[in-house]
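Coordinate inspection notes
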Amino acid sequence: MSGVGDILKAGGDFGTFQKWLVLLTLFPCLSVAFHQFCQLFMVVDVPHHCDTSWIRSVGPNLTEEEQLNLTLPRAADGQYEQCSMYSPVDWDLASIAAYGLNATEKCSSGWVYPSAQPPSLLTEFDLVCDRKDLNNISQSIYMVGLFLGAMIFGPLSDRIGRRPVILISIFLQGLFGVGIAFVPHFYVYMAFRCVVGASVTGITMTLLAVGTEWVGVSSRPKAVLISHCYFATGQMVLAGLSYGIRNWRLLEIAGSAPIFAFFLFSWVLPESARWLVTKGRIEEAKAALQKAASINKRTIPPELLEQLKPEAQPKSASFLDLFRKKHLRKKTLIMSCAWFVNSLVYYGLSLNVTNFGLDIYLTQLAFGAVEIPARVSCIFMLHWFGRKKTQGVLLMLSGLVCLIITGIPEDQPVATTVLAIIGKFTASASFSTSYVYAAELFPTVVRQTGVGLCSMAARVAGIMAPLIRLLGQYHRAIPMAIFGSAPVVGGLLCFLLPETRGTDLVDDMGDSHPPAEVCENANSSSENGHMKGKDGGQDSEHTKTTRF
């Protein structure tokens with residue numbers, strides 16, 4: 001062990017320093033919530049029909065209703081078709097009125113939208129009819145960005161440090177987020193959204209690492225889950241912001257530009273002391289720990305600081321190390337599966353907010369509001385039931401709710417929305433548990449790489465979620481059946497993982513004693529008030545901490 005845990009306890013493991021650090025995550029978390037779901041409010045469905053202004057060349061004095069009546073076929077319900085028109089002909093107006101038109105074709109000259117409608121992604125880039133699927137595809141492209149961010153920023157954070165990656169990610173998110181407001185083409189929009197998605201993952205993963213590595217074992221879940229409550233608050237802010245700003249370009253600027261305010265406070269963002277120790281940068285780690293202790297108005301005994309020693313051969317662990325050791329391989333595979341199914345059900349519900357039948361702004365407000373008690377309740381559930389049971393049960397409950405929704409008739413939007421809110425509650429609580437659990441399962445040298453791999457699995461599910469929604473055109477129950485069955489299976493697998501409640505973070509790869517075994521020993525011996533170290537003799541550094 002590096003001894004950081006003992007020093008943190010001496011210098012205050014959740015004092016003023018750590019509380020300011022958690023508060024500092026407010027801006028990034030609000031911005032992340034905006035980018036995750038803002039597109040839902042930029043592609044609100046509006047009435048539309050084919051542009052048939054060709055008939056104006058032979059009938060310039062036609063009223064709008066007369067023009068539509070002569071050039072558009074009607075659907076079975078008597079409404080004008082939205083995606084087809086009568087083929088243009090070289091007749092005079094009298095012949096068209098007398099004989100009518102019969103041949104139809106797809107809209108060849110674009111579409112017409114209500115003139116009073118503020119500019120949206122749908123109206124500016126014609127995301128209707130044959131182009132309608134581009135909406136879900138663009139959501140998947142954003143999720144591809146999240147995936148790439150996990151692939152890039154996880155290992156990068158383990159290599160160059162937590163602080164640089166956070167600052168790089170925030171800068172990219174602000175730059176490309178504001179840039180989206182000025183894109184001239186929808187494919188450029190998708191490319192920019194992909195970069196924003198990558199930055200979102202860089203922010204969320206690295207803030208998780210900083211939060212877990214600077215906070216003591218007893219307050220670790222509290223610190224992580226408070227930042228998750230900021231994310232939930234951001235969803236509620238998005239509902240109000242999108243309701244007040246209907247122009248999608250102005251909305252994008254309003255949601256992206258404030259992130260630059262973070263740089264006004266970036267000078268107080270510390271590097272992780274644990275990461276510095278694993279890299280052999282002991283003096284820097286000591287300085288960082290002493291600074292934290294001074295802010296907490298505590299003093300670290302010099303003899304305790306002297307116990308902080310570098311590893312014999314400090315080195316960066318690789319992605320393959322997660323699979324070389326049996327105990328790490330098991331954790332990695334099961335945790336990746338848990339993140340995958342959790343992301344699938346979470347985004348399956350969140351991205352479906354426009355299809356539940358009620359006002360999307362109120363539904364989004366409810367979806368954001370329900371996440372706050374969901375995240376807060378995790379603090380108590382993790383304390384009472386531990387990580388393993390909480391993770392498994394919440395996943396299964398979120399899946400069961402989705403399966404119930406498949407049996408609700410379409411003419412019952414209130415019942416469907418209520419069930420969806422319950423599902424969002426359990427999925428959000430499960431996601432918060434995943435972040436805490438994954439950060440505790442992986443040792444410091446591969447923590448960001450391990451969490452990055454789990455995040456990659458989640459992003460694959462995020463990519464698939466919008467595409468799975470397209471299956472609803474064959475039967476409305478298919479998407480929810482998929483979103484519901486996968487978490488049930490993933491929840492059962494979680495019961496094969498070790499419990500980490502009350503244990504300190506593992507720093508090394510556990511060559512002499514597998515971390516899983518350490519965790520099990522910790523849980524069994526915590527009843528006696530102590531835990532044996534790797535040599536079996538010394539009491540570990542987490543003996544007298546409050547078990548959480």
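For the structure, check the block above.
In what follows, the accompanying structure is described. (Residues numbered from 1 in each chain as written. Predicted model: local features only at pLDDT ≥ 70, side-chain atom pairs only at ≥ 80, totals over all residues. Heavy atoms only, no water.)

**Structural notes on unusual backbone geometry**
Glycine aside, a negative phi is what most residues show, and trans is what most peptide bonds show. One non-glycine residue with positive phi stands out, namely D126, at about 50°. Along the chain, the position of D126 falls in the loop between α6 (121–124) and α7 (134–160). Notably, K297 is not glycine yet its phi reads approximately 60°, a positive angle. (Helix = DSSP H or I, 4+ residues; strand = E, 2+ residues; numbered from the N terminus.)

**Things to note about a nonpolar patch on the surface**
Taken together, the side chains of F27, L264, F265, W267 and V268 present a nonpolar region at the surface, about 540 Å² in accessible area. By the secondary structure assignment, F265 is in the loop between α11 (248–256) and α12 (273–278). (Patch = residues over 30% accessible without salt bridge, like charges linked within 9 Å, V, L, I, M, F, W, Y side chains within 5 Å. Areas by Shrake-Rupley, 256 points an atom, 1.4 Å probe, with all protein chains shown as cover. Salt bridge = Lys/Arg side-chain N within 4 Å of Asp/Glu carboxyl O.)

**As for helix α1 (residues 4–11)**
Taken across its eight residues, α1 has six buried, putting it largely inside the fold. Within α1 the residues assigned to the buried category are V4, G5, I7, L8, A10 and G11. Against α2 (16–24), α9 (186–214), α12, α13 (282–295) and α14 (302–306) lie the buried residues of α1. Two residues or fewer past α1, G12 is found with a positive phi of approximately 95°. (Buried < 20%, exposed > 50% of the residue type's maximum accessible area, 1.4 Å probe, protein only. Contact = heavy atoms within 4.5 Å.)

**Points about the state of the cysteines**
In this structure the tally under the stated criterion is two disulfides. For C50, the disulfide goes to C107, at an S-S distance of 1.7 Å. In this structure, the disulfide formed by C50 and C107 twists by about -60° around the S-S bond and is classed as left-handed. On the criterion of sequence distance, the pair formed by C50 in strand β1 (residues 49–50) and C107 in the loop between β3 (104–106) and β4 (111–112) is long-range, its members being 57 residues apart. In this structure, C50 and C107 share a single accessibility class: buried. Bonded cysteines in the chain are paired 1-3, 2-4 when counted in the order they occur along the chain. (Disulfide = S-S within 2.5 Å.)

**What about the pattern of salt bridges?**
Scanning the model with the defined rule gives 12 salt bridges in all. With a closest N to O distance of 3.7 Å, K9 and D6 form a salt bridge. Highlighted residues: K9 and D6, both in helix α1, separated by three residues, approximately one helical turn. Judged by relative accessible area, K9 falls into the partly exposed class, the value being 27%. Between D130 and K106 there is a salt bridge whose closest N-O contact spans 3.2 Å.

**Describing the side chain of S31**
Among the secondary structure elements, S31 is positioned in helix α3 (residues 26–37). Contacts of S31, omitting those with residues within four sequence positions, involve Q173, G255 and I259.

**Focus on the packing of aromatic side chains**
One pass over the full model with this rule turns up 19 aromatic pairs. Centroid distance F262 to F263: 6.5 Å. Interplanar angle 85°. Geometry classified as edge-to-face. We classify F262 as buried; its relative accessible area is 1%. Plain terms: the ring middles of W339 and F431 are 6.1 Å apart, the flat faces sit at 90° to each other, and that makes the pair edge-to-face. Of this pair, W339 sits in helix α16 (residues 326–350) while F431 is found in helix α18 (residues 413–441), placing the two residues 92 residues apart along the sequence. Neither residue differs from the other here; W339 and F431 are each classed as buried. Linked through ring pairs, F37, F231, W339, Y346, Y347, F431 and Y435 together constitute an aromatic cluster. For R246, the ring lying beneath its charged end belongs to Y243, and the centroid distance is 4.9 Å. The aromatic ring of F37 is capped on one face by K424, whose charged end is 5.7 Å from the ring centroid. (Phe/Tyr/Trp six-rings, centres within 6.5 Å; stacked < 30°, edge-to-face > 60°. Lys NZ or Arg CZ within 6 Å of the ring centre and 35° of its normal.)

**Focus on the packing of helix α17 (residues 360–405) against helix α20 (residues 477–493)**
Remark: α17 packs on α20, axes separated minimally by 7 Å, with the N-to-C direction vectors making an angle of 160°. Overall, the two elements α17 and α20 adopt an arrangement that is roughly antiparallel. Helix-helix and strand crossings are classified by hand; for α17 and α20 the assignment is left-handed. Every residue of α20 that contacts α17 at G392, L395, M396, S398, G399, L400, C402, L403 and I405 is listed here: M480, A481, F483, G484, S485, P487, V488, G490, G491 and L492. (Axes fitted to C-alpha atoms, helices over the stretch in contact; angles between N-to-C directions. Parallel < 35°, antiparallel > 145°, perpendicular 65-115°, else oblique. Left-handed = near helix turned anticlockwise from the far one by under 90°.)

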